[in-house]
Amino acid sequence: MSTSTNSDGEQPRLAVTDLSKRFQMHVVDGREVVGLDSVEFDVAAGEFLAVVGESGSGKSSLLKCLHRTYEPTDGTIEYDTGDSVVDLATCNERTILSLRGTDVGYVSQFLREIPRVPAVDVVARPLRESGSSPEQARETARGLLERLQLPRELFDAYPATFSGGERQRVNFARGIAPRPRLLLLDEPTSALDPETREHALKLLRDYLGDDTAVVGVFHNHDVVERVADRVLTIDDARVVDVRPTGGEST
Amino acid sequence: MTFLDADGLTKVYGEGCSACLATTGPEYDRNRCPECDSVVACADVSFEVRDGEVLGIVGESGSGKSSVAEILALDADATAGTATIRGHGDVLDADYQRRREIRDEHLGMVHQHVHDGLNLSFTGGGNVAEKLLSAGWRHYGDIRSRVRGLFEETEVPVDRMDDSAETYSGGMQRRVQIAKAIANDPGLVVLDEPTTGLDVSVQARVLDTFRRLQREQDVATVVVSHDLSVVRLLADRVLVMRQGRIVEAGLTDRVMEDPHHEYTQTLINSII
């Protein structure tokens, strides 16, 4: 995987500038809560940026702003589609919806799906919706679930009854299935045992190839050092450090 | 491409007066005009729905969401506003004949109350066949095989086709309504409280069936529900209504996780 390319003048896959998010809580007398404060960074094609920080520091808020699940209050999020550069912070909602189908993937900590849909179909759905035949989509879905060591007898069962780790594998497989160009991961392996986590991380590399830009929130220090090219540290809604993995702070 | 462009939909029950719109709405916390006592069911409701897109409309009872659904389904006249359907102009302005034609051929409606959607003394198959007949289908064998195909798609047991619809379970009746709604490949489907009154175990299957068909057929959809989880699972974008007005609109996940309006925040915080 490459490192950031801003210095040599190439357009990064993702360039975040002065990104802030403030919440106005009407329920508590209009109190304002700062989620993110003037965050800046960029991510190159093929680069893996890990985001670390304590609980409540703003890691998930950052991912949600990039996904537009939170509407940024200020700043720009420039995403390079290959044809043009789109500001994910301000572009219209239809653009966001179409990018989510094809370009931008998001793996949350928790699986949210229509109940009573078999695991394999949960994973196959984004592939079907982006044009694969039902058979092809299920085939790919089975392959991914196999690589994540989900027991075969669960493929056609409903995820609602799965354990936390099993559900997380379904969620993970679904998120990477369409091979997004920008993948946002919010602690996607938090409920996995070390061995399964290894499989998940290896699959990430093998399946996505070397073009996908990844922004991933992880708690585990070893994971960060192994998978990430650079590490962004957030504290109290601000970026306090960006450094390459294995290196010293800058 | 935009299939439906609704602009300024307004429905006033009563005589109406010049003060109605200016004295009602969320900021006054009322929908009854203090001057003339008319009820403003909805006012200035504008939105667009594209092919393949699902728009959710949420709100409490009395928010005006069902009035919007009735107007779109051409079941109720609007006091003001236009609903432009691609290729057909403003359908609210159409004469009786034209409205019937549009309703038969280009719109599908799934009603909350089964009596509004199905004739229970007919067979299930007959209910769907009626919709095909109204769009000009005539050949018995063609109709029969189309109804059979629709039953399969909506997962209603085909061997119950010739039983009277009143013998069907609530979930089956809802599915027959879906079969009927999509029978003529409409450009727009309106779902009014699609899961209300169904067992929890049946709700999920009905939603999944509808979502699959909706995606396969790329049909523009408006889903009206008081149930935020239903809207969350189906809708790409959502409108939040209160006292007849839109108070917030946006991507469904954004509205649910980052609600801006005070009312939406209260609504989200009220989810059990």
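Residues numbered from 1 in each chain as written. Chains lettered and ligands numbered in written order. Predicted model: local features only at pLDDT ≥ 70, side-chain atom pairs only at ≥ 80, totals over all residues.

Chain B appears in an unreviewed UniProt entry as Putative phosphonate transport system ATP-binding protein from Halopenitus persicus.

If you look chain A up in an unreviewed UniProt entry, it shows as Alpha-D-ribose 1-methylphosphonate 5-triphosphate synthase subunit PhnL from Halopenitus persicus. As recorded by UniProt, the Sequence similarities (unreviewed entry) comment attached to chain A reads in full: "Belongs to the ABC transporter superfamily." (UniProt positions renumbered as here; feature names shortened; annotations may be inferred.)

Draft legend 1. Here's a closer look at the overall build of chain B. Along its length, chain B carries ten helices and ten strands. On C-alpha atoms alone, chain B measures out to a radius of gyration of 19 Å, which is about the 19 Å that the 2.2 N^0.38 rule sets for 272 residues. Along the first, second and third principal axes, the C-alpha set of chain B runs to 55 × 45 × 35 Å. A burial count over chain B gives 48% of its 272 residues as buried. When contacts within chain B are restricted to residue pairs at least 6 apart in sequence, long-range pairs at least 24 apart make up 66% of them. (Helix = DSSP H or I, 4+ residues; strand = E, 2+ residues; numbered from the N terminus. Rg over C-alpha atoms; globule rule 2.2 N^0.38 Å. Buried ≥ 20, exposed ≤ 12 C-beta atoms within 10 Å, placed from the backbone. Contact = placed C-beta atoms within 7 Å.)

Draft legend 2. Geometry of the sheet that holds strand E8 (residues 220-225) of chain B. Residues and elements named next belong to chain B. Spatial ordering of the open sheet is given by E6-E7-E8-E3-E9-E10, a layout of six strands whose pairing is mixed. Edge positions in the sheet fall to strand E6 (107-110) and strand E10 (245-251), since each has one partner strand and no second. Geometrically, the sheet is characterised by an average inter-axis angle of 15° between neighbouring strands, direction not taken into account. Contacts from helix H1 (residues 65-72) reach strand E3 (54-58), strand E7 (188-192), E8 and strand E9 (237-242), with the element oriented near 145° to E8. (Pairing = 2+ DSSP bridges. Axes fitted to C-alpha atoms, helices over the stretch in contact; angles between N-to-C directions.)

Draft legend 3. Layout of the nonpolar core. Leu49(A), Val123(A), Ala141(A) and Ala173(A) are the most contacted members of the largest nonpolar core, which has 145 residues in total. Filtering out sequence-adjacent residues up to four positions away, Val123(A) remains in contact with Ala141(A), Leu144(A), Leu145(A), Val170(A), Ala173(A), Arg174(A) and Ala177(A). (Core = buried A, V, L, I, M, F, W, Y, C linked by C-beta atoms within 7 Å.)

Draft legend 4. Representation of the confidence of the model for chain A. With 95% of its residues at a pLDDT of 70 or more, chain A has an overall mean of 91. Within the model, the stretch residues 1-7 of chain A combines pLDDT values under 50 with 22 contacts to residues more than four positions away or in other chains. (pLDDT = per-residue confidence, 0-100.)

Draft legend 5. Main features of the sheet that holds strand E9 (residues 230-235) of chain A. Residues and elements named next belong to chain A. Reading across the sheet, the six strands line up as E6-E7-E8-E3-E9-E10 and stay open at both edges, with mixed pairing between neighbours. Each edge of the open sheet is held by one strand with a lone partner, namely strand E6 (104-107) and strand E10 (238-244). Taken pair by pair, the neighbouring strands of this sheet meet at an average axis angle of 15°, ignoring direction. Helix H5 (residues 164-176) rests against E6 and strand E7 (182-186) of the sheet, and its axis sits at about 175° to E6.

Draft legend 6. View of the interface of chain B and chain A. Contacts between the two partners involve 19 residues from chain B and, on the opposite side, 15 residues from chain A. Those elements giving two or more residues to the side of chain B that touches chain A turn out to be helix H7 (200-217), E10, helix H9 (252-257) and helix H10 (262-269) of chain B. No other element matches the six residues that H7(B) contributes to the side of chain B that touches chain A. Its residues assigned to classes, the side of chain B that touches chain A shows four nonpolar, four polar and eleven charged. (Nonpolar A, V, L, I, M, F, W, Y, C, P; charged D, E, K, R; others polar.)

Draft legend 7. Region of interest: the pairing of E8(B). Residues and elements named next belong to chain B. Judged by how many residues are buried, E8 sits mostly within the fold: six of six residues are covered. Judged by which residues are buried, E8 turns out to be covered on both faces: Ala220, Val222 and Val224 on one side and Thr221, Val223 and Ser225 on the other are all buried. One ladder, built from five bridges, connects E3 with E8; its direction is parallel. What sits directly across from glycine 56, in E8, is valine 223. Pairing geometry for E7 and E8, over five bridges, is parallel.

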